[in-house]
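# A structural walkthrough
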Amino acid sequence: MSQKMTRRRLLLGGAATAAVVLVKSSFGKMVQTGIPEAAIDPTKQVGPLPGVLGTRSPFEHPQRKPSLTSSQTPLQDLYGMITPSDLHFERHHAGVPAIDPNSYELMIHGMVDRPTVFSLADLKRFPSVSRICFIECSGNFRKPDKENVTPQDICGLTSQSEWTGVMLSTLFREVGINPKATWFLAEGSDAAVMTRSIPVSKGWEDAMIVYAQNGEAIRPQQGYPARLLLPGWEGNTSVKWIRRIELSDGPFMTREETSKYTEPVKDGKIRQFSFTMDARSIITYPAYPAQLQKGWVEIRGLAWSGRGKVQKVEISTDAGKTWNAARLQEPVLDKAHTYFRYLWQWNGDTAAIMSRAIDETGYVQPVLQELIAARGIGTGYHLNPVTAWLIKRDGQVVYSPEKWK
Amino acid sequence: MPFWACVAGTLMIACERRNTAMPEHFGYGRPATEKEIAAKAIAIHPDGKGLPAGSGTVQDGALIYAAKCAACHGATGVEGPYNILVAPDTIDAPPFDQAPKRVKAIGNYWPYATTIFDYVRRAMPFNAPGSLSDNEVYSITAWLLHANKLIDANAVINAKTLPAVVMPARKYYVTDNRKGGEGPYE
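What counts and what doesn't
The residue numbers shown here count from 1 along each chain, following its written sequence. For naming, the first written chain is A and the first written ligand is 1, with later ones following in the order written. Totals for whole chains, interfaces and linings use all residues, but because this is a predicted model, local features are given only for residues with pLDDT of at least 70 and pairs of side-chain atoms are given and counted only at 80 or more. Hydrogens are left out, water is left out, and the side-chain values use all remaining heavy atoms of the structure. UniProt positions are given in the numbering used here, feature names are shortened, and annotations may be inferred rather than shown by experiment. Helix and strand assignments come from DSSP, with helices taken as H or I runs of at least 4 residues and strands as E runs of at least 2, each series counted from the N terminus. Think of it in three bands: residues with accessible area under 20% of the maximum for their type are buried, residues over 50% are exposed, and the middle band is partly exposed, with areas taken using a 1.4 Å probe on protein chains only. Using a 1.4 Å probe, the Shrake-Rupley method yields the accessible areas, and only the shown protein chains count as cover for residues. Cysteine sulfur atoms that pair up within 2.5 Å are treated as a disulfide. Whether two residues touch is decided by their heavy atoms; if any such pair falls within 4.5 Å, the residues are in contact. Two parts lose some accessible area (1.4 Å probe) when they are put together, and adding that loss for both gives the buried area. What counts as a salt bridge is simple: a side-chain nitrogen of Lys or Arg found within 4 Å of a carboxyl oxygen of Asp or Glu. Under the grouping applied here, Gly and all other residues not named as nonpolar or charged are polar, the nonpolar ones being Ala, Val, Leu, Ile, Met, Phe, Trp, Tyr, Cys and Pro and the charged ones Asp, Glu, Lys and Arg.

An unreviewed UniProt entry lists chain B under the name Cytochrome c, with Chitinophaga filiformis as the source organism.

Per an unreviewed UniProt entry, chain A goes by the name Sulfane dehydrogenase subunit SoxC and belongs to Chitinophaga filiformis. The Cofactor (unreviewed entry) field of the UniProt record for chain A holds the comment "Mo-molybdopterin".

Here is the structure:
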């Protein structure tokens, strides 16, 4: 880390450029030029003129962490409740499809009065709604067994955006749902043609078909041109690139809701349709790889619940012996990442710091041992344990691995 | 309040109502035709509804599996490198909640046989999804069921026989019981 920083500093003032912009030459022609990483004295040199797209500062390098099947949001690099769209986590089952918005169609059929095909333009004509909520993968805990893991490694499969689209209830009314329909199939147009069965009640409650993310068209990685959004439910159910909704009188028992996204629980049972994401929180600062100095530290992080609003976040700086309330940043929204802060004075001794979320149902975020005790060591999805960070005497902050037993 | 203000107010409320109330239908979109519904509605229900005509055998499935599936899933479905498909259910196996490393596959974890047909037809093979004929999908399904010790080597799999295959894991499936709140963790 420090070596990397040194090398970066050495490059400053040199020829290194991190971004390219268009500026007008002395002949009035648009030419491309680079933004230098840093001017020796920015008050003595005119900078780049307005351009067609903004850029990050060349000093900032937040990045997702990709594997073959997913990429994680760098939670430790963010300061607020909204995830920048290009840092939203990804999980897809056969890559990102390329879909022409002009030929995109959403078909709603099955147990409906009027089977209908909607174009993207049709969807955009309906009354629209915006809401801010998180999407979290239910596999968002990786059983880390070492110290050098970041918040991104531990639970970077959660992100938050402002989503805009049409309420699914509006479309349900438009096609006329048969009162005997109890489930619907949501099908994506990716190469996995991914499907999930969803109770119709969620469709009436708060489901949406969304086409915009943080004020612009949804990114391809998040479902362009339109996706299902089921606030508070495991991310896999918010089917991206949605092409078809089929109303039915029972679940379809698709691959993703049987062999995947189910978890072993007590007495050899396999728990299915575990839709709601339980309350969770994580301290994103100080966390690995931060280096602390003695004195005042503002502990910061995110808390959320799929069951409603975060009511309270508590912080412990003595390995869970005592807990104190953190300050919650407004707005505290339903089924949304909520930013919290807690001012603390670090005296230089070894310390274990942790956070726990309490949601409006009174649910208290458990520790790992409580989850294992309730479900068994062979359980899998929907793990939301309290995460502890260990501060060493030299100020190094590391993850405190827990035994999986 | 003067009379005119009263009338104007009433009119404004009436207009407001007319402009903001949700109509019963917007009339957007176009009717879906029977033909396009039939072409796109590929999902198979657990009772077999949606299964197409045609059939497959374990023998044919073995050939197709070797040619199109084995590279990712291994010669006998257990070697990988990607998802292990074969793990017959055994009486003496430890329950999943006590065995984090126990392999979960069709024979010991999948609750419905129809899911195999639905998934293979829509998503496999990974490098050419949607390229298999219905008979090929039936045959691969037959081979997978036989490799997981769920059907005989001479069984024929079709729209009638597939939903009738008994899946050992089905009896273990329970619906989510978590409710939030202050109760015990589930």
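Quick look at the overall build of chain B now. From N to C terminus, chain B includes seven helices and four strands. For chain B, the α and β elements follow one another from N to C terminus as α-β-α-β-α-α-α-α-α-β-β. Among the 186 residues that make up chain B, the fraction classed as buried is 39%. For chain B, the exposed surface amounts to about 10,600 Å²; the carbon and sulfur share of it is 60%.

Bringing the state of the cysteines into the picture now. Residues and elements named next belong to chain A. Tallied over the entire structure, the rule returns zero disulfides over all chains. Here Cys-133 stays free of any disulfide, with the sulfur of Cys-137 as its closest cysteine sulfur at 15 Å. Classification of Cys-133 as buried rests on a relative accessible area of 0%. Cys-155 carries a free sulfur, and the closest cysteine sulfur to it, the one in Cys-137, is 12 Å from it.

Further remarks concern the interface of chain A and chain B. In this complex, chain A contributes 68 residues to the contact, which on the side of chain B involves 52 residues. Note on chain A versus chain B: buried area summed over both sides is about 5,100 Å², and carbon and sulfur give 58% of it. Where chain A packs against chain B, one counts five salt bridges. Where Lys-40 of chain B meets Glu-105 of chain A, a salt bridge forms, and the shortest distance between an N and an O atom there is 3.6 Å. Looking at the side of chain A that touches chain B, its residues break down into 26 nonpolar, 20 polar and 22 charged.

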